[in-house]
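Architecture at a glance
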Amino acid sequence: MENFHPSLFLLLLLLPLLVSTTENQVYIVYFGEHSGEKTLQQIEENHHSYLLSVKENEDAAKSSLVYSYKHTINGFAALLSPLEASKLSKMEEVVSVLRSHPRKYEIHTTRSWEFAGVEEAMKSSENMNKEDIWLKSSYGKDVIVGLLDNGVWPESESFNDEGMGPIPKSWKGICQTGDEFNSSNCNKKIIGARYYIKGYEAYYGPLNRTLDYLSPRDKDGHGTHTSSTAAGRRVTGISALGGFASGTASGGAPLARLAIYKVCWAVPGHGKEDGNTCFEEDMLAAIDDAVADGVDVLSISIGTKDSLPFNQDGIAIGALHAVKQNVVVACSAGNSGPTPSTLSNPAPWIITVAASSVDRIFLSPAVLGNGMKLPGQTVTPHKLQKKLYPLVYAGQVANPDVPKNLSGQCLPGSLSSKTAKGKIVLCLRGNGTRVGKGMEVKRAGGIGFILGNSLANGDELAADAHILPATAVNYQNSLKIMDYIHSSKTPTAYIVPGTTVLDIKPAPFMAAFSSRGPSDISPEILKPDITAPGLNILAAWSEASSPTKLEADKRVVKYNILSGTSMSCPHIGGAAALLKAMHPRWSSAAIRSALITSAGQKNNQGSMITDASSNPADPFQYGGGHFRPAKAADPGLVYDASYTDYLLYLCSIGVKIDYTFTCPKHSMGPLNLNYPTLAIPRLRDSVTLVRTVTNVGGSKSIYFVSMKPPLGILVKIWPPILHFNRVGEKRNFTITVKVADSSITGKGEKPYGFGWYMWSDGIHNVRSPMAVSVA
């Protein structure tokens, strides 16, 4: 080492940096809109010319191209060095250059339709009247719902095509074949299926086909679950493993058609229970094809963990192009709650969906040795003999090398088989997966386990099909169990086998995991838009996966219970399909407006919806409220918006997505987007904005306004009465929002206050929530 030269040492330090500036990776080069003047071949040649301008030769340019987006999206994905990407980003016609990242996007991991009021008329033939939304919409007949997810299990009874008519003539898609998937796996229900993997393979290399199918087939379960929730057929006599939630399963639009776009894949070196990854270059290609294929609705249960500007967000970009073609796009809000400002997919042209509960639980009490019986939930079929077993806290039986702050969480390899064997183990939520904790208890020889909620989880109980006897308890009850363990010399417990219980009250309540607003990307747009069932939802499942997705779990099921905004999103996708069938000329904005302004804010006890800890919930958790499709079918008035309106909104916040559009010199401001809700951040004195409503109710109607302003805020709406003489007629009104006491301004930003205003004609109540903070 004596002859080691300092300059050589410096070179070694700089080597990783030098490599990073030359190493190729996938970038998306986005131009905005197509002019409509070029053929598909000319578009690809044009994209190739840009690559040729930064590559050494023709062969290098051709081999670098991953996707050429040629239908509604104008851009391409290519393998580029950072220097090449930088050169392209400086070209005037390039809107943005997005670097691909392996975990930027991820999946947001049927009683629910009856609870939403859709299935009420199906309880008996006598109740099948013309007011039922399923009958009025012909069950969503021939509306085409596209799903971006991780594929489908086509053999599920939820996708049978019995009695369905010919495939709609508007359909232009294909049935792409691959591993264990051929053209016969498509039918009159699943009318198209494709897969997109070029971005994934550019990063990870060729797919390990023991992890996933190189085809539209689902090896995970998530895509099958979301597809059947949105538009699965009615299937009688089904249940989850162990007979839980038995009855009839149905999607929201049972006679709608399904188009499957597989864009999410297994992550090498990770178990399925950790989720899939979805590359945005693959998703953009799927959205580009889906719009050209002729889908009417897109349901996307995928999002980011971190907020992204709209021109750097592949889903936002793709959705904007879809909306221009009047495709309704519903996306999940994310599972990063209950922390504020955590939601994904906040673009105003997307319906952003939160998650809430239904009125069904899977009751499985934990009985303690002191006689205390604490309610819990489970859907595990495994049962204990009816007797008391030794009970321990995981931290008491953890291996000595496990950090104290993690010792109670039953993470893989953390428990001692010497001290856990034969005992029921209390594990706390936090790090790791719920089902993974059960697997660790079983590995260590535990006889059963109790999953205790953290403070953040509150009363939200996700029921899982654990591989041993188990139940989940809320935060307060987990504290009671902990106190009992520490106060007893020989603590014991028994887990009562689970049973399905209906008509639980209160319901719905907001799921703790559901991501919340306000959006830090677009604080002038109140998000999420709406909530739908996302807690313990039963739907179809892949038979190539287990109910827990754990590799060691060899059980096979046809239907499974899952939780997440991934589950609530396809509820809105299905509801949108019903509305599209009833009102084929409505815009995507009109459908969103109808859903938001007709949503409910009360639970089945007649009280306001709460969060998972029984505290009052607010519009940053549920948007307009809990979806009510039957009410949305006849909303009275809608707040419409066009593609141009969205571009004007983007101009007002300084974001450019379409260079063919010229922003006006004087912007109207982001608050003036014609949105069915109202969010005003950092109000200093007063602001006046304009809204426009379109009459979709009676030909002659008069609407009167009422309101409940946020505390400390004055609201004036003018005119207070709107007259309509015909369907389709539009009326403008102004909303002036003013701080009631100006002395409270200028002392730092205050918390948001919430209120609402509503237009009513005696039949329709068109309600818009308000959120206002004072600067």
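Turning our eyes to something else, we now look at the overall build of the chain. When helices and strands are counted, the chain shows 18 helices and 37 strands. Over its C-alpha atoms the chain spans a radius of gyration of 27 Å, differing by no more than 12% from the 28 Å that the globule rule assigns to 775 residues. Structurally, the chain occupies a C-alpha span of about 85 × 75 × 65 Å along its principal axes. Buried positions account for 60% of the 775 residues belonging to the chain. Surface exposure of the chain reaches about 30500 Å², of which carbon and sulfur atoms provide 53%.

For the rest of this paragraph, the subject is the environment of Lys305. When you line up the elements, Lys305 lands in the loop between strand 14 (302–304) and helix 10 (314–324). For the pair Lys305 and Leu648, spaced 343 residues apart in sequence, the C-alpha separation works out to 27 Å. Leaving out residues up to four positions away in the same chain, Lys305 has contacts with Lys104 and Glu106.

Attention shifts here to the sheet that holds strand 1 (residues 25–32). If you walk across this open sheet you meet the four strands as 2-3-1-4, and the pairing is antiparallel. Looking at strand neighbours, the two that pair on one side only are strand 2 (65–69) and strand 4 (96–99), the edges of this open sheet. Strand-to-strand twist of the sheet, defined as the mean angle between neighbouring strand axes without regard to direction, takes the value 15°. Of the strand pairs in this sheet, strand 2 and strand 3 (residues 74–80) are connected by four bridges, and their pairing is antiparallel. Pairing of Tyr67 across the sheet is with Ala77, part of strand 3. Here helix 4 (residues 82–89) sits on the sheet in contact with strand 1, strand 3 and strand 4, set at roughly 155° to strand 3. Helix 9 (residues 280–293) contacts strand 1, strand 2, strand 3 and strand 4 of the sheet and is inclined by roughly 35° relative to strand 2.

Moving on to the pattern of salt bridges. Within this structure, the stated rule accounts for 19 salt bridges. The salt bridge partner of Glu440 is Arg443, with a shortest N-O separation of 2.6 Å. One end of the pair is Glu440 and the other is Arg443, both in helix 12 (residues 434–443) and three residues apart, which spans about a single turn. Overall, Arg443 belongs to the partly exposed group, its relative accessible area being 45%. A cluster of three or more residues bridged by salt bridges with shared partners is formed by Arg194, Asp289 and Asp293.

Once that is clear, we can look at the state of the cysteines. Two cysteines joined by a covalent bond between their sulfur atoms form a disulfide. Counting across every chain of the model gives four disulfides. There is a disulfide in this structure between Cys264 and Cys278, and the S-S distance comes to 2.1 Å. The S-S bond linking Cys264 to Cys278 shows a torsion near 105°; that makes this disulfide right-handed. Note that Cys264 is positioned in strand 11 (residues 264–265) and Cys278 in strand 12 (residues 277–278), a separation of 14 residues in sequence. Among the residues examined, Cys264 registers a relative accessible area of 0% and is labelled buried. Disulfide pairing is shown between Cys651 and Cys663; the S-S distance is 1.9 Å.

Here we take up the confidence of the model for the chain. For the chain, mean pLDDT is 92; residues scoring 70 or higher make up 93% of the total. Contacts of residues 1–21 to residues separated by more than four positions or lying in other chains number seven contacts, the stretch itself having pLDDT below 50. A low-confidence stretch, residues 120–131 (pLDDT under 50), is modelled with 15 contacts involving residues beyond four sequence positions or located in other chains.

Turning to the pairing of strand 35 (residues 730–739), a few remarks are in order. Note: strand 31 (residues 686–695) against strand 35, nine bridges, orientation antiparallel. Looking across to strand 35, one finds that Thr694 is bridged to Lys730. Relative to strand 35, strand 33 (residues 713–718) is paired through six bridges, and the arrangement is antiparallel. The partner of Ile717 across the bridge, within strand 35, is Ile735.

If you walk across this open sheet you meet the five strands as 30-37-36-32-34, and the pairing is mixed. Each having just a single partner strand, strand 30 (678–683) and strand 34 (721–724) make up the two edges of the open sheet. This sheet shows a mean twist of 20° between the axes of neighbouring strands, independent of strand direction. With eight bridges joining them, strand 36 (residues 753–760) and strand 37 (residues 765–774) adopt antiparallel strand pairing.

This paragraph deals with the environment of Gly163. Among the structural elements, Gly163 can be located in the loop between strand 6 (144–149) and strand 7 (190–195). C-alpha of Gly163 to C-alpha of Ile447: the two residues are 284 residues apart in sequence and 49 Å apart in space.

Cis rather than trans, the peptide bond between Lys505 and Pro506 has omega equal to 0°. Structurally, Pro506 is set in the loop between strand 25 (499–502) and strand 26 (530–533). Here the residue pair Trp718 and Pro719 is connected by a cis peptide bond, since its omega of -5° sits within 30 degrees of zero. By the secondary structure assignment, Pro719 is in the loop between strand 33 and strand 34. Although it is not a glycine, Ser341 sits at a positive phi angle of roughly 55°. When you line up the elements, Ser341 lands in the loop between strand 15 (328–332) and strand 16 (351–356). On the basis of relative accessible area, Ser341 is assigned to the partly exposed category, the value being 30%.

Okay, a nonpolar patch on the surface next. There is a patch of nonpolar side chains on the surface, built from Ile702, Phe704 and Ile721 and spanning about 250 Å² of accessible area. With respect to the helices, strands and loops of the structure, Phe704 is situated in strand 32 (residues 701–708). With relative accessibility at 46%, the residue Phe704 sits in the partly exposed group.

Formed by 62 residues in total, the largest nonpolar core has its most connected members in Leu148, Ile302, Val329 and Trp349. Contact partners of Ile302, with chain neighbours within four places excluded, come to Tyr105, Glu106, Ile107, His108, Leu148, Val263, Cys264, Cys278, Met283, Ile315, Ser332 and Asn345. Grouped together as the second largest cluster of nonpolar side chains are 44 residues, Ala230, Ala231, Ala330 and Ala632 included.

Below, the discussion takes up helix 4. Count 3.6 residues to each turn of an α-helix, and residues three or four apart come out pointing the same way. Inspection of helix 4 places Glu84, Ala85 and Leu88 among the buried residues, and these make up the whole buried set. Each buried residue of helix 4 lies within a common arc of 100° when the element is viewed along its axis, so the set occupies one face. Of the surrounding elements, those touching the buried residues of helix 4 are strand 1, helix 2 (40–54), strand 3 and strand 4.

This part is about the side chain of Arg691. Here Arg691 lies in strand 31. There is a polar contact of 2.9 Å between the side chain of Arg691 and the backbone oxygen of Leu671.

Scoring rules and cut-offs
Residues numbered from 1 in each chain as written. Predicted model: local features only at pLDDT ≥ 70, side-chain atom pairs only at ≥ 80, totals over all residues. Heavy atoms only, no water. Helix = DSSP H or I, 4+ residues; strand = E, 2+ residues; numbered from the N terminus. Rg over C-alpha atoms; globule rule 2.2 N^0.38 Å. Buried < 20%, exposed > 50% of the residue type's maximum accessible area, 1.4 Å probe, protein only. Areas by Shrake-Rupley, 256 points an atom, 1.4 Å probe, with all protein chains shown as cover. Contact = heavy atoms within 4.5 Å. Pairing = 2+ DSSP bridges. Axes fitted to C-alpha atoms, helices over the stretch in contact; angles between N-to-C directions. Salt bridge = Lys/Arg side-chain N within 4 Å of Asp/Glu carboxyl O. Disulfide = S-S within 2.5 Å. pLDDT = per-residue confidence, 0-100. Patch = residues over 30% accessible without salt bridge, like charges linked within 9 Å, V, L, I, M, F, W, Y side chains within 5 Å. Core = buried A, V, L, I, M, F, W, Y, C linked by side-chain atoms within 4.5 Å. Arc of directions from axis to C-beta. Polar contact = N/O pair within 3.5 Å; in protein donor to acceptor, adjacent residues only side chain to side chain.

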